[in-house]
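# Structural description and commentary
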Amino acid sequence: MKIVLLKLSVAILIISFLWGCKKTHKKLPNIILMVADDLGYSDLSCYRENIQKMENPPTCQTPYIDNLAKNGMRFTSFYSGAAVCSPSRSALMTGRNKTRLGIYNWIPDNVPMHLRNEETTIAEMLKQNGYATGHFGKWHLTSANMSQPEPLDQGFDYAFWTHNNANPSHQNPVNFIRNRNKTGELKGYSSHLVVQEAKEWLDKQKGSKKPFYMNVWFHEPHLQQAAPDSLKNRHKKNKAYYGCIENMDYAIGKLMRYLKENKLDENTIILYTSDNGSKYPGSNDPFRGKKVFQYEGGIRVPFIAYWKGKIPKRTTSNTVGHFTDVLPTIAAFTKSEVPKNKIVDGENLSNVFTGNDKSYRRKAPLFFYRYFHDPICMLRQDDMVLLGYWKKPKPKKDDYNEVEEALFKPTNEEPWSQWSFQKSHMEVLKKQEPKYFELYNIKNDEGQRIDIAAENPEITENMKQTMLIKRKEMVNEGGDWYEKK
């Protein structure tokens, strides 16, 4: 009798354990990571309404994105991975500084630079934890025509994607790929096509008990812009640009309605951000600079986190965050294992997201390096920002001409001839170091107007040495794409 009872007790324990595992698995949150392309800090109305003294405010309205912020957390000091697309997205997907990855600039066609297969993406991390994974929209982590890893090779079960921008514009694009097959021309606007494909994929997941992870990476509002006349004509300036933003917002509204109707909004973490700053004046206010420049306007971006019942509503966080933080934060929320075979630069912000740590302070400074425009380096440590220039510092102004300010001048009449990554760039960036430095207290001087380096020689020198060490270390790890193996 005792043996029978013992066996029965063991069986009950095993069943209870397995049932507990099943319940735990079901409770893992779904993840949706939404990324806009070239959207400025103040292009969202929920950010703009908190900025004082705007001389040239954007006129676009974003009610659906604003609603995410209303019901979640809006970050005011979040940084993208870089001032341009590909390196920024690579940092977001891996939790690693883009220079460590060797993604030194945006990725054009027919170059060796790409996100290497040995890197671990968020999708690969979550897939190991039982997640279904899908990517929808722009990718830009691989070079076309080079047989490099594509989304299906980087942890995604399903992908509806483009290498780079939507061509010939956001309307009726011709360059989408479904998994590995070209779709040909598609009718409609890119943002709505992306959301429709995502919804159809979610429909197919309904019978599965797996949690899901989705990238929803919009092409809007990057060039070449296209939007319905009804949206463009609402604006007196930048009509296509603002129309694109509003069209993307409406597409997000469709996705949010779908989630609610299918009761998926109850346990889904939604993150919304932009890959870098805007190229348009006013869109990056109150910051100096714009896309391609490592001033605040090029790299500080909107970042919104929503999770019903877990992330507190109507909250604003001044915590300094960075794209590399997304992977370790998602790992914490999903009980996944952070990759251990490589350095992860990001920090776990899960307690910040849930409002349980309001005094969080970064352990390591943020570091940016991009060889193509001055300042080539930026280091943020607490409230201090050090800028490192290869050439002499620029006059203080809000807008700069990215072609005139490029450090690599055209070799022919084509002004963009040097903008594609090439072997000559690789040779320069291996040795390139900042020679001139400016220091700003970004808390008191968010527009970066008053250089305080002379008044703070010790801080400047310490941050300078950190900057030089990090640049050299990360370039060595990133490697030479043209070096013969």
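From a predicted model like this one, the values you see are computed outputs, not experimental measurements. (Residues numbered from 1 in each chain as written. Predicted model: local features only at pLDDT ≥ 70, side-chain atom pairs only at ≥ 80, totals over all residues. Heavy atoms only, no water.)

### Points about the overall build of the protein chain
Within the protein chain, the secondary structure is distributed over 13 helices and 14 strands. Computed over C-alpha atoms, the radius of gyration of the protein chain comes to 23 Å, within 12% of the 23 Å expected from 2.2 N^0.38 for 485 residues, which places it in the range of a compact globule. On the principal axes, the C-alpha backbone points of the protein chain span a range of 85 × 55 × 50 Å. Expressed as a percentage of its 485 residues, the buried residues of the protein chain come to 59%. In the protein chain, the share of contacts with a sequence separation of at least 24, taken over all contacts with a separation of at least 6, comes to 72%. (Helix = DSSP H or I, 4+ residues; strand = E, 2+ residues; numbered from the N terminus. Rg over C-alpha atoms; globule rule 2.2 N^0.38 Å. Buried < 20%, exposed > 50% of the residue type's maximum accessible area, 1.4 Å probe, protein only. Contact = heavy atoms within 4.5 Å.)

### Looking at empty space enclosed by the protein
Inspection of every chain in the model, using the stated rule, returns one cavity of 30 Å³ or more. Taken as a whole, the largest cavity holds about 40 Å³ of empty space. In terms of lining residues, the largest cavity is bounded by Thr94, Arg96, Glu119, Thr120, Pro339, Asn341, Lys342 and Val344. Residues of the lining of the largest cavity, tallied by class, amount to two nonpolar, three polar and three charged. (1 Å grid on protein atoms, 1.4 Å probe; cavity = no way out; pocket = protein on both sides within 12 Å on 5 of 7 lines; lining within 4 Å. Points joined across faces, edges and corners; volume = space filled by probe spheres on them. Nonpolar A, V, L, I, M, F, W, Y, C, P; charged D, E, K, R; others polar.)

### Digging into the packing of aromatic side chains
Per the counting criterion, the structure on display carries 31 aromatic pairs. Note on Tyr64 and Tyr250: the rings are 6.1 Å apart at their centroids and 70 degrees apart in plane angle, and the pair reads as edge-to-face. Of this pair, Tyr64 sits in helix H3 (residues 63-70) while Tyr250 sits in helix H8 (residues 239-261), placing them 186 residues apart in sequence. Overall, the relative accessible area of 30% leaves Tyr64 in the partly exposed class. (Phe/Tyr/Trp six-rings, centres within 6.5 Å; stacked < 30°, edge-to-face > 60°.)

### Brief notes about the packing of H3 against H8
Put simply, H3 and H8 touch, their axes get as near as 7 Å, and they point 55 degrees apart. Comparing their axes, H8 and H3 come out oblique. Facing Pro63, Tyr64, Ile65 and Leu68 of H3, the residues of H8 in contact are Met248, Asp249, Tyr250, Ile252, Gly253, Met256 and Arg257. Of the residues contributing to the contact of H3 with H8, the split by class is eight nonpolar, one polar and two charged. (Axes fitted to C-alpha atoms, helices over the stretch in contact; angles between N-to-C directions. Parallel < 35°, antiparallel > 145°, perpendicular 65-115°, else oblique.)

### Some details on the packing of helix H6 (residues 190-204) against H8
Where H6 meets H8, the closest approach of the two axes is 8 Å, and the angle between their N-to-C directions is 15 degrees. Classified by the interaxial angle, the pair formed by H6 and H8 is roughly parallel. With respect to the hand of their crossing, H6 and H8 are arranged in right-handed fashion. Here H6 contributes Ser191, His192, Val195, Lys199, Leu202 and Asp203 to the contact with H8, which in turn contributes Asn247, Met248, Tyr250, Ala251, Lys254, Leu255, Tyr258 and Leu259. Partitioning the contact of H6 with H8 into residue classes produces eight nonpolar, three polar and three charged. (Left-handed = near helix turned anticlockwise from the far one by under 90°.)

### Observations concerning the nonpolar core
Of all hydrophobic cores here, the largest spans 89 residues; its most connected members are Tyr104, Ile122, Tyr213, Leu271 and Phe353. Ignoring sequence-local partners within four residues, the contact set of Phe353 consists of Met73, Phe75, Leu271, Phe303, Ala305, Ile311, Pro312, Thr329 and Phe333. Residues Cys46, Ala132, Tyr158 and Tyr258 belong to the second largest nonpolar core, which totals 46 residues. (Core = buried A, V, L, I, M, F, W, Y, C linked by side-chain atoms within 4.5 Å.)

### Brief notes about the sheet that holds strand E13 (residues 384-389)
An order of E11-E12-E13-E14 is seen for the four strands of this open sheet, with the pairing classed as antiparallel. Each of the sheet's edge strands pairs with one partner strand only, and the pair in question is strand E11 (366-369) and strand E14 (436-441). Between one strand and the next, the sheet's axes are offset by a mean angle of 15 degrees, whatever the strand orientation. The pairing of E13 with E14 spans six bridges and is antiparallel. Along E14, the bridge assignment pairs Met384 with Asn441. Contacts from helix H13 (residues 457-478) reach E11, strand E12 (377-381), E13 and E14 within the one sheet, and its direction differs from that of E13 by about 60 degrees. (Pairing = 2+ DSSP bridges.)

### Some remarks on unusual backbone geometry
Here Asn167 and Pro168 are connected by a cis peptide whose omega angle stands at 0 degrees. With respect to the secondary-structure elements, Pro168 resides in the loop between strand E4 (158-162) and strand E5 (177-178). Cis geometry is adopted by the peptide bond preceding Pro221, which originates at Glu220 and carries an omega value of 0 degrees. Mapping Pro221 onto the fold places it in the loop between strand E7 (212-217) and helix H7 (229-232). For Asp38, which is not glycine, the phi dihedral falls at a positive 70 degrees. Mapped onto the secondary structure, Asp38 falls in the loop between strand E1 (30-36) and helix H2 (45-48). Positive phi outside glycine occurs at Gln448, with the angle close to 50 degrees. Here Gln448 lies in the loop between E14 and H13.

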